[in-house]
Structure formats: structure tokens, C-alpha cells
Protein chains: 2
Amino acid sequence: MTSRHDASARPLPLNQILAGDCIEVMNALPEASVDLIFADPPYNLQLRGDLHRPDNSRVDAVDDHWDQFSSFAAYDQFTREWLAAARRLLKPNGALWVIGSYHNIFRVGAELQNQGFWILNDVVWRKSNPMPNFRGKRLTNAHETLIWCSKSEASKYTFNYEALKSLNEGIQMRSDWVLPICNGGERLKDEHGDKAHPTQKPEALLHRVLIGTTNPGDVVLDPFFGTGTTGAVAKMLGRDFIGIEREDGYRDAASKRMARIRRLHAEALATSTGKRAEPRVPFGQVVERGMLRPGEELYSTGNRHKARVRADGSLTGGQIKGSIHQVGARLEGAPSCNGWTYWHFKREGKMIPIDALRQQIRDEMDERPN
Amino acid sequence: MTSRHDASARPLPLNQILAGDCIEVMNALPEASVDLIFADPPYNLQLRGDLHRPDNSRVDAVDDHWDQFSSFAAYDQFTREWLAAARRLLKPNGALWVIGSYHNIFRVGAELQNQGFWILNDVVWRKSNPMPNFRGKRLTNAHETLIWCSKSEASKYTFNYEALKSLNEGIQMRSDWVLPICNGGERLKDEHGDKAHPTQKPEALLHRVLIGTTNPGDVVLDPFFGTGTTGAVAKMLGRDFIGIEREDGYRDAASKRMARIRRLHAEALATSTGKRAEPRVPFGQVVERGMLRPGEELYSTGNRHKARVRADGSLTGGQIKGSIHQVGARLEGAPSCNGWTYWHFKREGKMIPIDALRQQIRDEMDERPN
DNA sequence: CATGACCATGAATCCTGAT
DNA sequence: AATCAGGATTCATGGTCAT
């Protein structure tokens, strides 16, 4: 007798919404199989008159300290269990996002540190249109907090720096994101016209998360799928998703929603990349191809230093010999140096950075792969 | 033989900087005697090697011995102990603020909930000029988190709703505050011209905290006093402070700062408002429009001085006559003074800075340009 | 005296693949 | 597993100094 989601027998159930308790369902999926988890766990703490423990038992009152402690303890246990299940599912280089408010986020953050997740950033979703504090007894609660963490300190996590920089008009993306709450046409309604889910997240939030920390084709899992914002944006952006949701009503609403979503074309999915994505070119190739000749002189930025090209692609500058980077660093007394932008050659009286030669080689590689 | 800070024998040591470990010192003070605690504990940063900017300059990191902890467990124990000592000191209606980053704030937040503190808001300090992420490997860490909590759920905490609303141009104050980091003239320097403290907080941050959650005459304690921003702003605003600091160097710098507090007061107010880009509004317009009537009395920050409005938009305070800025500067013995934030008028028993009136005028200008 | 160029610096868990 | 080396990477602000 095998369980419904037997880990050994079944392939990953991609682009489906799985029914059931997320801890059980996650434990039945194969380990180390997911690239990213986005989790919007219940915040159900200290909510006047309608307080439930994660096991759905009702908390009578929180008037005294012992009751508070018992409800924190129950929430902590729930947090421990779903985080451990999530951790097991993640690939070694996988990452996790959690969103929460001051009611629960500190407990979640402490527990994920305890389990060995490595926090990369905490991100503030600054709501441009929050609900005011009607009674004027506190500050307007105008933000929620997200935590972005990798599975471990050693994880080589995905971060699309240039893509996020583009989203932010050319300036590197900050840890505070100003986005409106989900309403208008995006907000799912039930048959009575009421909101289908009390805390539906805006697609813009997930868009930024998925563009920034996944690649097309990655597997994104959401253990608290709700009405499926994570799945909707994942599908749109060409990522595969796995949703887990316990409530029938939310699953139904999410299924209908997914059916309406159209995947974006590949060109639309392409995002900005930086030099890091370019193939590496050894300086020796520049010499081999005769773009610079052995013995030719190079000039530093600012023209303070000179060096001479050698046949093996190294430089000599006085007593100093080594790579274009090493010689530049030594001459500048700097911890490191990018020789490609530091050194220049002279053509028709003009100083040209040797990086232009590297670019020429890369352009040829694009025209004739292999 | 009594200890240095014997709880039973001594009165509260107001407006002093106490030397020693904050846990021991707090435990020697009388219980239930403090209105507000503002705490800026070590963040437990876990930095690896050096970090260089793209121009190869080295980042001066926070590598001080006081921020070194051997493990999360060690940091948690430290947090438990100082929070318990702080809790004992607070009056039943007292409140606590803590500031931190993602390195420590989740652990601190969870522990204060465990101890029975009642979270009122988490507040995000959004830095207008954070240090960028030089390697492009994460989001710019552009904010820090504060937690505001009362001693217990039953506490009748202080919240000056209208004062904060005025500070915020007549709109309810939100849980995200945009403020620049502390630099320029406000940043304390040592004899070599280096920063006196690696993490000095801006006075504007404490200004907002103290205006919003204390009343004049309240006792404000800071167990991690550092170079004394909390004390400086408390003194400026007519609150009593108690500072505790372990490091001799920081205590010395803080003592000198407290002694010169009037001068820094005027400078800080002049520079921390950040309103230079706003259209200039002459004080006379406030009078012309009948927002303040000639003959009406204004009260200084801290309520130490009074002055009377004249029909031409000048003030008289005793023998001194002149603009709101000139009279404030003369009364404080300061080289300059921002009269807009220094002077307050009384409405329904509440002190409101006249800056609120200027903002009202600016709002109208925004609605109806020209 | 303005203006602009240039420089310094801030609570930071800040690289990656080949050998 | 540890070492080595290529080479990619920054925004806002305030102060100094030359023009």
C-alpha cells in the first residue's frame, strides 16, 4: 500500500493543486526536488474573538499569560513542522520566501534560523493603500514583512540582479517594495460578490519574487496556496508550480483562476543579464589572434602606468609580471583589479580599453557557435 | 554595605549615564519606575572577510568585540536576560522599543512575546540613503526594523496620535518611516575625525519615538546608550533619561554630547527636517490667515520658554524680538534654531508644533497650485 | 560667491569556478 | 577540502578644493 504522494514511485506533480495538510503532502513528495518555496502561512495569533490554534482547536481567551504561552507554543510547533518539511523538499541551492506580520513573523524568522536556513534579506512590502487604524490607538499598519533565505549558508542561490535593477529603473533593487494591496479586477470574488480569500496577495509581489529569485523552468512550491497567486504568476512567467491547499473552496477558486492564465512568450520572459552571464575569454586569445602583438605597450587608466604584452598572454611592467589583473592590482596597490577595463592600447592616437577586443571575440562567438 | 545602585536606598538616577553591564545595572534599579525603554542592542552581525567597494576602497565594518556572540544560543540567552531586566524596570503602563536588523530582530521579537510583552506595531525605518550592495548579490539592505510593545496586553500605553499626525502632514502616521541615516554634522567624530560610534542613530528617529510614545517629564531608559542619541533627544524634548553604557569611550563621548545638547539641538532640528525642497512659507502667512492670532502665546520644545505672536509675524519673548528662528536661537543660546519645530501652540490642552500649520498651507498649495 | 569636479563613506551576514 | 585566480560590482550625501 503506497500513500497518495509516494516519494519513490511518483514523479513530481507539476502544475497541480494538491489537496490536504501541507505538512503531510510535502513529506510525501521527493526530497531535494524544488527550487523555490513561497509560503504565506496563517497569521492566526492574537486575533480577538476568533483565535484558532493551528490544529483548528479554538483558544478561549488570551487574558492570562499561560494561555498566551500555550498558543505561542502551538504556533511554534506548527511552524517547526512545516519549515522542516519545506527544507527537506528544497534542492541544496534552493531558497524559501515567507511572508508575515508582526503577529507571527518573528517566530517564523527565529525558527528558520534555528533550522539552518540562511537569511539573505528581509523585505518590507510597503502598502501604498493600507487600511487605516480607525481608532487612532496605534500606527497605521502599513506593511508586511517577507524573509528571503537559502536552504543553507553554502547554497548558491538564484538572484537575477540585473533583472531587478531593470525593474527599478536602473537602480539596484532595495529591500523595501512599494506595492498596492490586491483589489479591483485582480481580487477574486465568490458567487456572492464577496472576496474569495481574506488575504489574497497581489500578483505584482509574486512577480518581483519570481523574476528576482527563479529562472524559467524552475519548480516553485506554495504550501499555503490559497487562491493561487503564486501559481498564477509562476505559470505566466514560465515556471512550474506545485500548490498545496487544504480548503476545498480555495482550491476550486484557484483551479478556475489557473485555467484563465496564459503563459508569456519566451521573448517576453527574457530578462536583463550582466557581464556575469557572458562567456569567459582568456586574455591569451587576444594575443593568439593577433589583435595585440607581443611587445605592444598597454597604458593604465589615467595613463600613470605602462606594461608590455608577452607572447603567453601575460604582462610585464617593470619588475612585475603576471596576468592583466595581477599587474594592474600590484601597480595600484589594490586588492584586486579588472585588467580588461584597466588597460588600454593606442590606435591612431586614441586610447582604447582592451575590453573592446574581448567584446569583439564574444560577438564572433555569437555568430558562429562552436 | 550597599551596592552602587541599591534599589531600596537610592532614588532613580535621572539624567545620568551609568557605567557597567546593562543587565546588572538594571537589576539594581527600583522596579516599576521607568515609563519607556529604548534599546538598540548588538545585532550579532556575522561578517566573513573584508568587503571592498567597486572603487577598491574598504568598507569600515562593524567588527567590534561587543557584537561578537559564539552562537544563536548565546545571543538568545543575552536577549532573555536584558529583556527580563528591562521588563522588571517598566511601570505597568510602560512600553519598550527595540531596533534591529534581520540578523537579530526575529530572535528578539520572539523572546519579547515569550516574556509577555504585547506588540503594538513593528515599524520599518526606511533609509533614504543606505549603503548599496556592492557586489550585486542581494537586495540593498535599505531598512531596519523597530518593535514597539507595551509591558503587557493590559497596559494603557502612551500614544500621542495627533502629534504624530501633525508630524506627518496631517495624515495618520504609518508603520514605515523614511529617514536619512546619521551623518554630516550630527555624526559624532573622535579626535582623529573618525566616527565615534559605528552605529549612531539619527536624532530624527528618536524624536519621532519620543514625541509619539512619551509625555514631557517621562523617564526614558536606554540600556545600550552608546553615544547617547536617546538621551540627547530626551533632554531636548523635556523628558528625563537614564543611560547605561559599558564602554568608557562611548560614555565619554555621550557625556560631552549631553553637555552641549542645546547647540546640537538647534543644528539637528535645522538639518533633520529635510524640507529644503519644499516651498518656503513665511511665518507671517500663518498670522495673516488667522491660524494663529496676534497676542497668542507659543511654547518652546520642552516648555522652558514662552513667546507672543505679533501682528507682523515676529515674536516677542521678554526683551527679545525677532523672527521665530531668531528668538528661539537667542533663548537657547544657540547659533541657529528652526523656529518651525521649536515653537508650539496649545489646542485643547495639547502642544502642537507650528510646523503643522506650515504644512497645512503647503497642502493647500498642492491642491490648488497658484 | 556660485558652480562643479572629485572624493569619502555608511549596522554588510556581498563570488565562483578550476585545480 | 582548501587554495588560487579571474574579474564583476555602488547610491546618496556631505565636504573639499579648483575654477
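Here the structure is a predicted model, which is why all the values come from computation and not from measurement. (Residues numbered from 1 in each chain as written. Chains lettered and ligands numbered in written order. Predicted model: local features only at pLDDT ≥ 70, side-chain atom pairs only at ≥ 80, totals over all residues. Heavy atoms only, no water.)

### Focus: the overall build of chain A
- Scanning chain A from terminus to terminus reveals 12 helices and 14 strands.
- A buried classification covers 50% of the 370 residues belonging to chain A.
- Counting only contacts in chain A whose residues sit at least 6 apart along the sequence, the fraction spanning at least 24 positions is 66%.
- Taken as a whole, chain A presents about 18,300 Å² of accessible surface, with 49% of it coming from carbon and sulfur. (Helix = DSSP H or I, 4+ residues; strand = E, 2+ residues; numbered from the N terminus. Buried < 20%, exposed > 50% of the residue type's maximum accessible area, 1.4 Å probe, protein only. Contact = heavy atoms within 4.5 Å. Areas by Shrake-Rupley, 256 points an atom, 1.4 Å probe, with all protein chains shown as cover.)

### As for the state of the cysteines
- All chains considered together, the criterion is met by zero disulfides over all chains.
- Unpaired in terms of disulfides, Cys-149 of chain A finds its nearest cysteine sulfur in Cys-22 of chain A, a separation of 16 Å.
- Judged by its relative accessible area of 0%, Cys-149 of chain A falls in the buried class.
- The thiol of Cys-337 of chain B is not disulfide-bonded; the next cysteine sulfur, from Cys-182 of chain B, is found 20 Å away.
- Exposure remark for Cys-337 of chain B: the relative accessible area of 9% places this residue in the buried category. (Disulfide = S-S within 2.5 Å.)

### Observations regarding the packing of aromatic side chains
- In the structure shown here, the tally under the stated rule is 24 aromatic pairs over all chains.
- Consider the rings of Trp-97 of chain B and Trp-177 of chain B, whose centres lie 5.9 Å apart with planes at 45 degrees: the pair is tilted. Placement of the pair is Trp-97 of chain B in strand E3 (residues 90–100) and Trp-177 of chain B in strand E6 (residues 176–179), with a sequence separation of 80 residues. A single burial state applies to Trp-97 of chain B and to Trp-177 of chain B, both of which are buried.
- Taking the centre distance of 5.5 Å and the plane angle of 90 degrees together, the rings of Trp-148 of chain B and Tyr-157 of chain B count as edge-to-face.
- With a relative accessible area of 1%, Trp-148 of chain B lands in the buried category.
- These aromatic residues form a ring-pair network of at least three members: Trp-97, Trp-148, Tyr-157, Phe-159, Tyr-161 and Trp-177 of chain A.
- Cation over ring: Lys-127 of chain B sits above Trp-125 of chain B, and NZ or CZ is 5.1 Å from the ring centre. (Phe/Tyr/Trp six-rings, centres within 6.5 Å; stacked < 30°, edge-to-face > 60°. Lys NZ or Arg CZ within 6 Å of the ring centre and 35° of its normal.)

### Digging into the interface of chain B and chain A
- Listed as interface residues are 52 residues of chain B and, on the opposing side, 55 residues of chain A.
- Across the interface of chain B and chain A, roughly 4,900 Å² is buried in total on both sides, 49% from carbon and sulfur atoms.
- On the chain B side of the interface with chain A, the three residues burying the most area are Phe-106, Leu-139 and Arg-174 of chain B, jointly 17% of the side's total.
- Taken together, the connections running from chain B to chain A amount to three salt bridges.
- As a salt-bridge pair, Arg-126 of chain B and Asp-176 of chain A come within 2.8 Å of each other at their nearest N and O atoms.
- Across the contact surface, chain B and chain A share 33 residue pairs in polar contact (both at pLDDT 80 or more). (Buried area = accessible area lost by both parts, 1.4 Å probe. Salt bridge = Lys/Arg side-chain N within 4 Å of Asp/Glu carboxyl O. Polar contact = N/O pair within 3.5 Å; in protein donor to acceptor, adjacent residues only side chain to side chain.)

### Focus on the protein's contact with DNA strand D
All names here are of chain A.
- Close to DNA strand D lie 29 residues, the nearest being Tyr-161, Lys-165, His-325, Ser-336 and Arg-358.
- Within 4 Å of the protein, the contacting atoms of DNA strand D are drawn from sugar and phosphate to the extent of 62%.
- At 2.5 Å, a side-chain N or O of His-325 approaches a phosphate oxygen of DNA strand D.
- Only helix H4 (161–167) and helix H10 (324–332) provide two or more residues apiece to the surface near DNA strand D.
- Ranked by residues supplied to the surface near DNA strand D, first place goes to H4 with three residues.
- Taken together, the residues of the surface near DNA strand D break down into nine nonpolar, 13 polar and seven charged. (Near = heavy atom within 4 Å. Nonpolar A, V, L, I, M, F, W, Y, C, P; charged D, E, K, R; others polar.)

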